[in-house]
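Geometric and topological summary
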Amino acid sequence: MARLTSKASSARPVIPLDPAESGFGVIAEAKLASPSQGRLAPEGDSTELVVEMAAELAGAGAVALSILTEPERFDGDLAHLEAVTRATDIPVMRKDFLVDPIQVLEARATGASGVLLISRILEPRLLVEMADLVRDLGMFCLVEVFDESDLDAADVVFDRDVLVGVNARNLHTLQIDPSSHERLAGRLPDHLPLVAESGINTAEDAGRVAGLGYGLALVGTALTTAVDPAGLVSAMSAAGKAA
């Protein structure tokens, strides 16, 4: 903890994520692999690949970057996160199955400006503790829910400045149900920024979720597999703002 605290104090300053500034924005994920589809990116030096993808997505107008650090299912690494924070000038978020406050501190020590916290895998007390640490470090926090039960459990942090994300992927089957975005939209806190996750593959999808009240979309696989990832980020951003 002492080593990480020291490293965090000298890390790249936090870059704020301000969803209201853009009207609608894409949090773009540089993704090497996924549990549902296996390897997504070409073979090569993993850090270089992630940095190249991240730089292209940032240049296309993404409002933030999501970098996976989970090694077994997503081929992620903390080294990828640190390299991207050094190579880009927009907010970078650590995406992983975070279950301990020290992992939030790890993220800050690498230069990350935000983290993903999954309501389903965190007891309310721990979710509060980690969200408070995120706030104390000046970072942003995306609290992810999958269904009504997760949403109810996450209510303990809705008095803080968190982002609330609805993930349309079923964790048990790995299938995507885009109707989740619409089903939960009316129950989400209207004073917090909302993020649609999974199932956002086209500009039309971005326009659909924007019309439901989501100000951000977290997009990963669609960008990694797109022929023109930068063009897709631009098209999604434009469609979301128009909606």
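Residues numbered from 1 in each chain as written. Predicted model: local features only at pLDDT ≥ 70, side-chain atom pairs only at ≥ 80, totals over all residues. Heavy atoms only, no water.

Remarks on the sheet that holds strand β9 (residues 194-197)
Applicable threshold: DSSP calls a pair of strands paired once it identifies at least 2 bridges connecting them. Helix numbers and strand numbers start at the N terminus; a helix is a DSSP run of H or I with at least 4 residues, a strand a run of E with at least 2. Interaxial angle, 0 to 180 degrees, is taken between N-to-C directions of lines fitted to C-alpha atoms, where a helix line uses only the stretch in contact. Two residues qualify as a contact provided that any one of their heavy atoms is within 4.5 Å of a heavy atom in the partner residue.
On the basis of which strands lie adjacent, the closed barrel formed by eight strands has the order β1-β4-β5-β6-β7-β8-β9-β10 and parallel pairing. Going from strand to strand, the sheet's axes swing by 25° on average, the running direction of each strand aside. In this sheet, strand β5 (residues 92-95) lies alongside strand β4 (residues 64-68) in parallel orientation, the contact comprising four bridges. If you follow Leu 68 over to β5, its bridge partner there is Lys 95. Most of the contacts of helix α7 (residues 124-136) go to strand β6 (residues 114-118), to which it runs at about 170°, and overall it touches β6 and β7 (140-145).

Considering the nonpolar core
The cut-off we apply is this: Throughout, nonpolar core names a set of buried Ala, Val, Leu, Ile, Met, Phe, Trp, Tyr and Cys residues whose side chains join them through atoms within 4.5 Å. Think of it in three bands: with a 1.4 Å probe and only protein chains considered, a residue is buried below 20% of the maximum accessible area for its type, exposed above 50%, and partly exposed in between.
Core analysis: the biggest nonpolar cluster contains 60 residues, and Leu 65, Leu 117, Phe 158, Ile 200, Tyr 214 and Val 219 have the highest contact counts within it. The leading source of residues in this core is helix α3 (residues 46-59), at six residues. The next biggest cluster of nonpolar side chains, apart from the first, holds 14 residues, and it includes Ile 27, Ala 64, Leu 116 and Phe 146.

Remarks on the pairing of strand β8 (residues 163-167)
Selection criterion: By convention, orient the strands away from the viewer: a clockwise path from the first strand over the helix to the second makes the crossover right-handed.
With five of its five residues buried, β8 lies for the most part within the structure. Residue alternation in β8 divides its side chains into two sets, Leu 163, Gly 165 and Asn 167 and Val 164 and Val 166, and both sets are buried. Here β7 pairs with β8 via four bridges, running parallel. Within the sheet, the bridge partner assigned to Leu 142 lies in β8 and is Leu 163. Read as a crossover between parallel neighbours, the route from β7 over helix α8 (residues 148-154) to β8 is right-handed. Note that β8 and β9 share four bridges and pair parallel. Of the residues in β9, the one forming a bridge with Gly 165 is Val 195. Handedness of the β-α-β unit built from β8, helix α9 (residues 179-185) and β9 comes out right-handed.

Digging into the packing of aromatic side chains
Filter applied, for reference: We call Phe, Tyr and Trp rings a pair once their centres come within 6.5 Å, taking the six-membered ring for Trp, and we label the pair stacked below 30 degrees between planes, edge-to-face above 60, and tilted otherwise.
Evaluation of the coordinates by the stated rule reveals one aromatic pair. Ring geometry for Phe 74 versus Phe 97: centroids 6.4 Å apart, planes at 45°, classification tilted. Of this pair, Phe 74 sits in helix α4 (residues 71-74) while Phe 97 sits in the loop between β5 and α6 (101-109); the two residues are 23 residues apart in sequence, bridging distant segments of the chain. Accessibility expressed as a relative area gives 12% for Phe 74, which makes it buried.

What to know about α3
This is how the line gets drawn: Expected span, for any helix, means 1.5 Å times one less than how many residues it has. The directions from the helix axis to the C-beta atoms form the arc being described.
For α3, built from 14 residues, the straight-helix expectation of 20 Å at 1.5 Å per residue is met to within 8% by its first-to-last C-alpha distance of 20 Å. All of the buried residues along α3 are Leu 49, Val 50, Met 53, Ala 54, Leu 57 and Ala 58. Seen end-on, α3 carries its buried residues on one side only, within an arc spanning 155°. When the buried face of α3 is taken as reference, the exposed residues oriented beyond 90 degrees from it are Glu 48, Glu 52 and Gly 59. Looking one or two residues beyond α3, the residue adopting positive phi is Gly 61, at roughly 110°.

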